[in-house]
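# A closer look at the structure
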Amino acid sequence: MEQYAIKGGVPLVGEVEIGGAKNAALGILAASIMTDEPVLIENVPDVRDTQAMIQAMESIGTVVERIDKHTIRVIASNIHSRVVHGDYIKRIRGSYYLIGALLGKYKSAEVTLPGGCNIGTRPIDQHLKGFRALGAKDAGVIGGGMIVAHADELKGAHIYLDMVTVGATINLMLASVMAEGQTIIENAAKEPHVVDVANFLNCMGANIKGAGTDVIRIKGVPVLHGTEYTIIPDQIEAGTFMFAAAVTKGDVTVKNVIPKHLESISAKLIEIGCEIEESDDAVRVVATKRPLHTHVKTLPYPGFPTDMQPQITVALGLAEGTSIVTESIFENRFKYVDELTRMGANIKVESSTAIIEGVTNYTGASISAPDLRAGAALVIAALAADGYTTIDDIRYIERGYEDFDLKLQSLGAMLEKVDGERELQKFKLKTG
Ligand code: EPU
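Analysis parameters
Residues numbered from 1 in each chain as written. Predicted model: local features only at pLDDT ≥ 70, side-chain atom pairs only at ≥ 80, totals over all residues. Heavy atoms only, no water. 1 Å grid on protein atoms, 1.4 Å probe; cavity = no way out; pocket = protein on both sides within 12 Å on 5 of 7 lines; lining within 4 Å. Points joined across faces, edges and corners; volume = space filled by probe spheres on them. Helix = DSSP H or I, 4+ residues; strand = E, 2+ residues; numbered from the N terminus. Nonpolar A, V, L, I, M, F, W, Y, C, P; charged D, E, K, R; others polar. Domains from an automatic or database assignment. Near = heavy atom within 4 Å. Polar contact = N/O pair within 3.5 Å; in protein donor to acceptor, adjacent residues only side chain to side chain. Sits in = over half its atoms within 2 Å of the grid points. Core = buried A, V, L, I, M, F, W, Y, C linked by side-chain atoms within 4.5 Å. Buried < 20%, exposed > 50% of the residue type's maximum accessible area, 1.4 Å probe, protein only. Contact = heavy atoms within 4.5 Å. Phe/Tyr/Trp six-rings, centres within 6.5 Å; stacked < 30°, edge-to-face > 60°. Lys NZ or Arg CZ within 6 Å of the ring centre and 35° of its normal. Pairing = 2+ DSSP bridges. Axes fitted to C-alpha atoms, helices over the stretch in contact; angles between N-to-C directions. Salt bridge = Lys/Arg side-chain N within 4 Å of Asp/Glu carboxyl O.

### Details of the layout of surface pockets
In this model, the largest pocket occupies a volume close to 940 Å³. Residue lining of the largest pocket: 44 residues in total, with Arg122, Val166, Gly167, Ile329 and Phe330 positioned closest to the centre. Contributing elements (two or more residues each) for the lining of the largest pocket: helix H1 (22-32), helix H5 (125-134), helix H6 (166-176), helix H8 (235-247) and helix H12 (372-384). Among the residues forming the lining of the largest pocket, the class breakdown is 20 nonpolar, 13 polar and eleven charged. A domain split of the lining of the largest pocket shows at least three residues from each of domain 1 (3-19 + 234-431) and domain 2 (22-230).

Here it is in structure tokens:
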């Protein structure tokens, strides 16, 4: 089984190009099947989650042509089934966007319950409530783990979300773009990827206003048409490299980013003692000393993202003094702390709060990635640690980070993907 072998202690230095946003891509890929005309999508990250989504689209008759590594053409004029199932689809969370897309286009959808990272119970009640309000009266989960939604007709509705949810906001935009009349989504999520999916749908002829605020208004249109679109850069990939610079006392410029999307991340890096330089489409992080302690609470955008919580915890684990990290989005997102403790961290988790007593250094260990973002955070810890670390279950990391190993190597990291004891020994000889 492949793992990362890492020798820590090298400050990361250089420039790294950030790819397209995974969580925007998942919504946009689903949306692209809502027209019969060809759609060209650029800056699609080539990661396991988007690969699984493309497979799911193909399984119902969508033609997906790969123009180059990050550009695809989607032709969905011959979709022959409204039922999506298969093991690959269970693995990703974003598969549920196919319900909104199929329901919106064909008024009928059956999709295997989504999987994704095990970071909490992750209910979908708000999606289902919205589908029902739009006219899919049977929307629900049936035996065999399928989500179903069928409607005779879809009519605009006033939907008040009980909590801020990215998934339900995107799914309800998809389901309502071609519904008759106006839909209003109140308490909508404001994440950049929600705005990106809305922009994409508008390029296809939809009439969506207010994305990026907490009230989204959608006037139904009869049909969507083909378009060409470039996905926004990935806020979390960028943030992960920014924290990698902070933790290794490095100097890293993340390129091809939208600095505005990174403000909550940059603000925390400044609080812990890093220097930040912003330009139009790049952010440079320079760290010269041990991080300072601080407190942070994850919140919906524009708050500090839950997807950056493990990375900041890794940084604060090395800060002088006590820091408190509060996770307010997912209840089970501190599982990686056990692994970090094996590397010498001193962190106590009490329900949704981690109380961190900073240590001066981490020590290499044999650990596993429990989920996507935590896996990336553990890589960062290993890059700063004394000695060697091996990280198993890197398939989680590959769900959302394209060429993570190659990008880190280009910044000077001593990290390699190895398969088996022999390759690990070779890596140790080379780096010893
Ligand atoms: N929630 C409900 N009911 C619902 C929907 C959500 O109770 O019907 C709750 C969730 O349990 C959670 C909160 O609302 O406590 C927010 O969930 P949200 O719907 O925003 O999350 P998601 O759509 O399941 C997406 C990203 C996650 C990211 C969150 C928050 C995708 C595919 N996933 O998940 O990304 O953490 O939004 O920003 O877009 C990742 O990329 O590593 C990742 C986990």
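### Quick notes on the site of the ligand
Near the ligand you find 25 residues, and of these Tyr96, Asp125, Gln126, Asp307 and Ile329 are the closest. A distance of 2.8 Å separates an oxygen atom of the ligand from a polar side-chain atom of Thr165. More than half of the atoms belonging to the ligand lie within 2 Å of the grid points that define the largest pocket. Put simply, the parts of the chain that give the shell around the ligand at least two residues each are H1, H5, H6 and H12. Of the residues assigned to the shell around the ligand, the class counts are twelve nonpolar, six polar and seven charged.

### Some remarks on the nonpolar core
In this structure, Leu98, Phe131, Met173 and Leu201 are the most contacted members of the largest nonpolar core, which totals 77 residues. At seven residues, H1 tops the list of elements feeding residues into this core. Apart from the residues lying within four places of it in its own chain, the contact partners of Phe131 are Ile99, Gly100, Leu103, Ala136, Ala139, Ala149, Asn171, Leu172 and Ala175.

### Thoughts on the packing of aromatic side chains
A complete count under the given rule lists six aromatic pairs for this structure. Relative to Tyr97, the ring of Tyr96 lies with its centre 5.1 Å away and its plane at 65°, an arrangement referred to as edge-to-face. On the basis of relative accessibility, which here comes to 5%, the residue Tyr97 falls in the buried class. Among the aromatic residues, those joined into a cluster by ring pairs are Phe241, Tyr401 and Phe404. Stacked on the ring of Tyr396, the Lys or Arg Arg395 has its end atom at 4.8 Å from the ring centre.

### Let's talk about the environment of Asp251
Structurally, Asp251 is set in strand E15 (residues 251-255). Taking relative accessible area as the criterion, Asp251 reaches 21% and is therefore assigned partly exposed. C-alpha of Asp251 to C-alpha of Glu15: the two residues are 236 residues apart in sequence and 8.7 Å apart in space. Non-local contacts of Asp251, meaning those with residues more than four positions away in its chain, are made with Leu12, Val13, Gly14, Arg284, Val285 and Val286. At a separation of 2.7 Å, a polar atom in the side chain of Asp251 contacts the side chain of Arg284.

### Describing empty space enclosed by the protein
For the structure on display, the rule yields three cavities of 30 Å³ or more. Considered as a void within the structure, the largest cavity measures approximately 80 Å³ in volume. Within the residue set of the lining of the largest cavity, elements represented by two or more residues are H1, helix H7 (192-203) and H8. Per-element accounting of the lining of the largest cavity gives the leading share, three residues, to H1. By residue class, the composition of the lining of the largest cavity is six nonpolar, three polar and three charged. Both domains that furnish three or more residues to the lining of the largest cavity are identified here as domain 1 (3-19 + 234-431) and domain 2 (22-230).

### Focus: the sheet that holds strand E21 (residues 353-357)
Judged by pairing direction, the sheet is mixed, and its four strands sit side by side in the order E18-E19-E21-E20 without closing on themselves. With one partner strand each, in any of the chains shown, strand E18 (295-297) and strand E20 (346-350) form the two edges of the open sheet. If you compare each strand with its neighbour and ignore which way they point, the axes differ by 15° on average. Of the pairings in the sheet, the one linking E20 to E21 comprises five bridges and is antiparallel in character. In the strand pairing of E21, Lys348 is matched with Ile355. Strands in contact with helix H10 (residues 309-316) are E18, strand E19 (322-326), E20 and E21; relative to E19, the strand with the most contacts, it is inclined by about 170°.

### Let's talk about the sheet that holds strand E10 (residues 158-160)
Read from one edge of the open sheet, four strands run E10-E11-E13-E12, paired in mixed fashion. Two strands bound the open sheet, and with one partner strand each, they are E10 and strand E12 (207-209). Neighbour to neighbour, the strand axes of the sheet diverge by 15° on average, direction disregarded. Of the strand pairs in this sheet, E12 and strand E13 (residues 215-219) are connected by three bridges, and their pairing is antiparallel.

### Brief notes about H1
With ten of eleven residues buried, H1 is to be regarded as a mostly interior element. Every buried residue of H1 is accounted for by Lys22, Ala24, Ala25, Leu26, Gly27, Ile28, Leu29, Ala30, Ala31 and Ser32.

### Re the side chain of Thr165
Position of Thr165 among the secondary structure elements: in the loop between E10 and H6. Taking the relative accessible area as the measure of exposure, Thr165 reaches 14% and is therefore buried. Separated by 2.9 Å, the side chain of Thr165 and the backbone nitrogen of Ala168 make a polar contact. Ignoring any residue separated from it by four or fewer positions in sequence, one finds Thr165 in contact with Gln126, His127 and Ala189.

### Things to note about the pattern of salt bridges
Side chains that carry opposite charge are capable of pairing whenever their charged atoms lie near each other. In total, this model carries 21 salt bridges according to the counting rule given. A salt bridge links Lys190 to Asp214, with the nearest nitrogen and oxygen atoms 3.9 Å apart. Pair noted here: Lys190 is in the loop between strand E11 (182-186) and H7 and Asp214 is in the loop between E12 and E13, with a separation of 24 residues, a long-range link. On the basis of relative accessible area, Lys190 is assigned to the partly exposed category, the value being 25%. Residues Glu416 and Lys430 are paired through a salt bridge, measuring 2.5 Å at the closest nitrogen-oxygen approach. One end of the pair, Glu416, is in strand E24 (residues 414-419); the other, Lys430, is in helix H15 (residues 421-431), with 14 residues separating them in the sequence.

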